[in-house]
Amino acid sequence: MVLRIFIVTLLAVFFLTVKSQNLSIYRSDKSVEKTTEKLVQIIKKSGLNYIETISYDKTLIDAGHKIDPTKSVLFEDPNLSAQLIGCQQTSVLDLPLKILVWEEHKDVYIGFIDPKFMKKRFLLVGCDDIVEALTKLMVRVTNDTIRK
């Protein structure tokens, strides 16, 4: 009985942890470098503001650590960002938008936290259209990046 309660509790915690993160992950057939380059091109061609690419693998090497290639691309849609901030200023904590590209067990992935998570995180009310537009933007940019 105690084991059964433990297993049910463990599964509930696991489900809630996974569910609460709303992480969208896609697989890329290209290297981290090529995927990141294409992602930046897509962002720029889409008229979005490209901010920067952070290469965590290179940054951590300088600190004496080694990890697989891991890059974070920061960008924004100024119109959607302005609307979101107008809806709830604390949402700035999740801006700019970020897409992660990383290698894990010789596979390359591209992922992001679904902007719908902001609704709960910042108690956004009446901003569903903005959040939905941000989600569609992230999915479109990601899918355009992994297309051949």
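Positions within a chain are numbered from 1, following the residues in the order the chain's sequence is written. A pLDDT threshold of at least 70 governs which residues receive local features in this predicted model, and a stricter bar of 80 or more applies before side-chain atom pairs are shown or counted, although totals over entire chains, interfaces and linings include all residues. Side-chain numbers come from the whole structure's heavy atoms, not from hydrogens or water.

1. As for the packing of helix H2 (residues 32-45) against helix H6 (residues 128-146)
Phase 1: Their axes nearest at 9 Å, the elements H2 and H6 cross at an angle of 130 degrees. Our classification of the angle between H2 and H6 gives oblique. In the crossing of H2 with H6, the sense of the turn from one axis to the other is right-handed. Contact residues: H2 offers Thr 35, Lys 38, Leu 39, Ile 42 and Ile 43, while H6 offers Val 141, Asp 144 and Thr 145.
Phase 2: Ten residue types, Ala, Val, Leu, Ile, Met, Phe, Trp, Tyr, Cys and Pro, are classed as nonpolar, four, Asp, Glu, Lys and Arg, as charged, and the remainder, Gly among them, as polar. Of the residues that constitute the contact of H2 with H6, the class distribution is four nonpolar, two polar and two charged. Fitting a line to C-alpha atoms yields each axis, with helices limited to the stretch in contact; the angle taken between N-to-C directions then spans 0 to 180 degrees. Put simply, DSSP H or I for four residues or longer makes a helix, DSSP E for two residues or longer makes a strand, and each gets a number counted from the N terminus. Any angle that is under 35 degrees is reported as roughly parallel, and any over 145 degrees as roughly antiparallel; angles of 65 to 115 degrees are reported as roughly perpendicular and all others as oblique. Less than a right angle of anticlockwise turn of the near helix away from the far helix marks a crossing as left-handed, whereas a clockwise turn marks it as right-handed. Here, two residues are considered to be in contact whenever any of their heavy atoms come within 4.5 Å of each other.

2. Some details on the state of the cysteines
Phase 1: Here, a disulfide means two cysteine sulfur atoms that sit within 2.5 Å of each other. Overall, the coordinates contain one disulfide when judged by the stated rule.
Phase 2: For Cys 87, the disulfide goes to Cys 127, at an S-S distance of 1.3 Å. When the S-S torsion is 55 degrees, as for the bridge of Cys 87 with Cys 127, the disulfide is right-handed. With Cys 87 in helix H4 (residues 78-87) and Cys 127 in the loop between helix H5 (117-121) and H6, this pair connects stretches of sequence that are 40 residues apart.

3. Quick notes on the packing of aromatic side chains
Phase 1: Two rings from Phe, Tyr or Trp (for Trp, the six-membered ring) form a pair when their centres are within 6.5 Å of each other. A pair whose planes differ by under 30 degrees is stacked, one over 60 is edge-to-face, and the rest are tilted. Counted by the stated rule, this structure contains two aromatic pairs.
Phase 2: Where Tyr 26 meets Phe 112, the ring centres are 6.3 Å apart and the plane angle is 20 degrees; that geometry is what we call stacked. Pair noted here: Tyr 26 is in strand E1 (residues 23-28) and Phe 112 is in strand E5 (residues 107-113), with a separation of 86 residues, a long-range link.
Phase 3: Relative accessibility thresholds used throughout: buried, under 20% of the residue-type maximum; exposed, over 50%; partly exposed, between the two (1.4 Å probe, protein chains only). The exposure class of Tyr 26 is partly exposed, given its relative accessible area of 22%.

4. Observations concerning the layout of surface pockets
Phase 1: Grid spacing is 1 Å over the protein atoms alone, the probe is 1.4 Å, and a cavity is where that probe fits but cannot get out, while a pocket is an open set with protein on both sides within 12 Å along at least five of seven lines and lining residues have an atom within 4 Å of a point. Grid points are joined across faces, edges and corners, and a volume is the space filled by probe spheres set on the points. Each pocket or cavity is described by its volume, and for the largest pocket that value is around 340 Å³.
Phase 2: Along the walls of the largest pocket sit 18 residues, with Asp 94, Leu 97, Lys 98, Phe 112 and Ile 113 positioned nearest its centre.
Phase 3: The set of elements that each furnish at least two residues to the lining of the largest pocket consists of strand E4 (97-104), E5 and H5.
Phase 4: Sorting elements by how many residues they give to the lining of the largest pocket places E4 first, with four residues.
Phase 5: Its residues placed into classes, the lining of the largest pocket shows 12 nonpolar, two polar and four charged.

5. A closer look at the environment of Pro 69
Phase 1: Within the secondary structure, Pro 69 is located in the loop between helix H3 (56-62) and strand E3 (70-76).
Phase 2: Pro 69 gets classed as partly exposed once you look at its relative accessible area, which sits at 26%.
Phase 3: Sequence separation between Pro 69 and Val 32 is 37 residues, and the spatial gap between their C-alpha atoms is 6.5 Å.
Phase 4: Apart from residues lying up to four places away in sequence, Pro 69 is in contact with Val 32, Asp 57, Val 101, Trp 102 and Glu 103.

6. With respect to the pattern of salt bridges
Phase 1: When a carboxyl oxygen of Asp or Glu lies within 4 Å of a side-chain nitrogen of Lys or Arg, that pair is called a salt bridge. All chains considered together, the criterion is met by seven salt bridges.
Phase 2: Between Lys 116 and Glu 132 there is a salt bridge, with the nearest N and O atoms lying 3.8 Å from each other. One end of the pair, Lys 116, is in the loop between E5 and H5; the other, Glu 132, is in helix H6, and 16 residues separate them in sequence.
Phase 3: Accessibility expressed as a relative area gives 38% for Lys 116, which makes it partly exposed.
Phase 4: Taking the relative accessible area as the measure of exposure, Glu 132 reaches 31% and is therefore partly exposed.
Phase 5: A single network of salt bridges, built from pairs that share partners, joins Arg 27, Asp 29 and Asp 107.

7. What to know about the pairing of E4
Phase 1: Paired strands, in this sense, are two strands between which DSSP finds at least two bridges. With six bridges connecting them, E3 and E4 associate as antiparallel partners. Opposite Lys 71, over in E4, you have Val 101 as the bridge partner.

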